[in-house]
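Coordinates in review
Given next are the chains, with one letter for each unit.
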Amino acid sequence: MGSVTGSADLAGCEWLQYDYSPALMSQGRPGSFTMWRYRKLLPVPDDPVRYPLPVGGTPLLPAPALRRELGTPQLWIKDETRNPSASNKDRATALVIEDGLRRGVDTITTASTGNAAVATAFGAAAAGMRAVIFVSTDCRPGKLALMTQAGAQVFQVREGYAAAVELSRAAARTFGWLDRNTGANPFTIEAKKTVAFEVWEQLERRVPDVMIVPVGDGPTLVALDKGFAELVSCGLSARQPRLIGVQAERCQPLVRAWFGTPAGQTELDPAATVADGIAVVHPAIGDAVLDAISRGGGEMVAVTDDALLNAVATLAGRAGVGAEPAGAAALAGLESAVERGLVDPLETVVLLVTGREVKTGGATAYPGRVAVVERLDEVERALADPIPSP
Ligand SMILES: *Cc1c(COP(=O)(O)O)cnc(C)c1O
């Protein structure tokens, strides 16, 4: 048995001393590496940003243990789980709300498979806006709880995500709300393209050979393509990376479309996959995804739920990165792409790890802030009463 103080090694030692001077302190502005670094390529005026949360500027991790395990010495993880609500949806949310704040809009709406809604609820809470969210009744309870904790009004739609998008967009038109629906609002693409600029800077002003990206509605991949294309247009890069899009085997409309083979019933079942964040049957900008992939010499791959769950464990155990299944899809996609000869293990490859499940401490959704609806008049009636406090 050792010492009960637990600090025997420090006893009698002096604290470390340095050659103190102002020069030792960082000269950079604290918190300055955010997506607003690229505002000259964003649709916002050049005055102070109003959106209060720091978004973007996420780390590009070298992941040495993962590199050794996979035999991929130039593998990097772009860790988008480090955004304020733990997914890449925070970028789109930030730019849409920034625009809304400048125009004095008081309510934002979106439909979502989960993460866009959580990001919108958190971002609206921070910005002092009302968030009205539309999700499928299949939406994960933990994500629902987070939305209501952040004060959002949530409407569940039984017919699923596509019907939720319809209702959210109709509500935006009818009530004059800010429409954050992915694929409907081009600002979502503008915001998400900043990932390309960050990766280029973090690789010392080089683009990778390949970037692997989970695909749901499509904006994440399409935005990366646009960002890398703008680097070429700016004369900062001679080429674009190949983009590989990853979908879950049980919900893979774009993989099937890429191969020109019709999807079977079991390949279009959003409730059947663990990858809820990318389980979209009718991707909002699917054609643009396929176009970007074919122009850039990329590929689409489908991965099983087992592979996704393995990828979650491998990211935790070999890289110290916590991801939800959709967030880990790029790693599962890499393994499949290497097997199929689409990626040479020696290439510079960046995995976009898009999201992590946020802890709710076991909390469930506040009942007063969740209602099942089918039509717009039900939404209007529900909103006539103030959103109750928990
Ligand atoms: C939304 C989402 C994606 C895919 O994004 P799209 O832009 O809809 O294709 C990937 N991973 C996670 C965790 C997401 O929430």
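Here the structure is shown first, and the text comes after it.
The text that follows walks through the structure, step by step, so that each part is easy to find. (Residues numbered from 1 in each chain as written. Predicted model: local features only at pLDDT ≥ 70, side-chain atom pairs only at ≥ 80, totals over all residues. Heavy atoms only, no water.)

Tracing the chain through its elements places D90 in helix 2 (residues 89–103). Notably, D90 is buried but unbridged: the nearest opposite-charge side chain belongs to R180, and the N-O separation is 7.6 Å. At 2.7 Å, the side chain of D90 forms a polar contact with the backbone nitrogen of S85. Residue contacts for D90: discarding those within four places in its chain leaves V55, N83, P84, S85 and A119. (Helix = DSSP H or I, 4+ residues; strand = E, 2+ residues; numbered from the N terminus. Buried < 20%, exposed > 50% of the residue type's maximum accessible area, 1.4 Å probe, protein only. Lys, Arg positive; Asp, Glu negative; His and termini not counted. Salt bridge = Lys/Arg side-chain N within 4 Å of Asp/Glu carboxyl O. Polar contact = N/O pair within 3.5 Å; in protein donor to acceptor, adjacent residues only side chain to side chain. Contact = heavy atoms within 4.5 Å.)

A word on the environment of I278. Residue position: I278 is located in the loop between helix 9 (253–259) and helix 10 (286–295). The residues contacting I278, other than those within four sequence positions of it, are P214, V215, G216, V246, Q247, A248, A326 and A329.

Here we take up the sheet that holds strand 7 (residues 210–214). Taken in spatial order, the 6 strands make up an open sheet running 1-2-10-7-8-9, and their pairing is mixed. Looking at which strands have only one partner, the edges of the open sheet turn out to be strand 1 (60–61) and strand 9 (299–303). Summarising the sheet, strand 2 (residues 75–79) and strand 10 (residues 349–353) pair through 5 bridges and their orientation is parallel. Counted as the bridge partner of I77 is L351 from strand 10. Of the strands in this sheet, strand 2, strand 8 (242–248), strand 9 and strand 10 are in contact with helix 11 (residues 305–319), which crosses strand 9 at around 95 degrees. (Pairing = 2+ DSSP bridges. Axes fitted to C-alpha atoms, helices over the stretch in contact; angles between N-to-C directions.)

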